[in-house]
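# Structural overview
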Amino acid sequence: MTSQLSASMANPVLRVPPASPAAAAAYFGASLAFHADVSDVAAALAADADPGFVVLDSRSAASWDQGHIPSAVHLPTALIAEQARDLLDPAVPVVTYCWGPGCNGATRAALALAELGYQVKEMLGGFEYWAREGFEFETWEGRERRTADPLTAPVDSDDCGC
């Protein structure tokens, strides 16, 4: 027991012990209520039925022109308070995205929408991972698709197994 204790104190992963299973289930369940991943959003949008949500790009007009999800609504975060009610149905959940994991713009947009009473999730990975996973996007010049990055998407399958 002493060797386990001293090993865990020296180990940066276990220096703070893992949460109890019940606490972990509550945390990870809550995380899924707040986040959606790129592959799940793409699969829902590709299905023939209404996905039941709208995707919102919270970036600037220049960023939007550089590339965006084809069915997304463009509403920069700074304009959400004044324009959301004109562009979004309050009864339809919103999935926000920004540039990528190094940007918290989608989080700020989700907060602004939640404060207005919208149900909202943030798309993990943002536009960066949308493009890196090989999903079609639209620019000011038209639609394009890049080859999927093998570090972010399976090479020989549409299903990552997650």
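Analysis parameters
- Within any chain, residue numbers begin from 1 and follow the written order of that chain's sequence.
- pLDDT decides what is reported in this predicted model: residues at 70 or higher carry local features, side-chain atom pairs at 80 or more are listed and counted, and totals for whole chains, interfaces and linings draw on all residues regardless.
- Side-chain descriptors were evaluated using all non-hydrogen atoms of the structure, hydrogens and water having been removed beforehand.
- The working definition used for a salt bridge is a side-chain nitrogen of Lys or Arg within 4 Å of a carboxyl oxygen of Asp or Glu.
- A helix here means a DSSP run of H or I that spans at least four residues, while a strand means a run of E at least two residues long, and both kinds are numbered starting from the N terminus.
- Relative accessible area decides the class of each residue, using a 1.4 Å probe on protein chains only: under 20% of the type maximum gives buried, over 50% gives exposed, and in between gives partly exposed.
- Strand pairing is assigned whenever DSSP detects at least two bridges linking the two strands.

Here we take up the pattern of salt bridges. By the definition in use, this model includes 5 salt bridges. Aspartate 149 is paired through a salt bridge with arginine 132; the nearest N and O atoms lie 2.6 Å apart. Of this pair, aspartate 149 sits in the segment after strand E7 (142-144) while arginine 132 is found in helix H7 (residues 126-132), placing the two residues 17 residues apart along the sequence. Taking relative accessible area as the criterion, arginine 132 reaches 24% and is therefore assigned partly exposed. Via salt bridges that share partners, Glu128, Arg132 and Asp149 belong to a single interconnected network.

The side-chain alternation of strand E4 (residues 94-97) yields two buried faces, one formed by Val94 and Thr96 and the other by Val95 and Tyr97. Taken together, the 4 bridges between strand E2 (residues 54-57) and E4 define a ladder with parallel strand orientation. Bridge assignment links valine 54 to a residue of E4, and that residue is valine 94. When E4 meets strand E5 (residues 120-124), the two strands line up parallel, connected through 3 bridges. Along E5, the bridge assignment pairs threonine 96 with glutamate 122.

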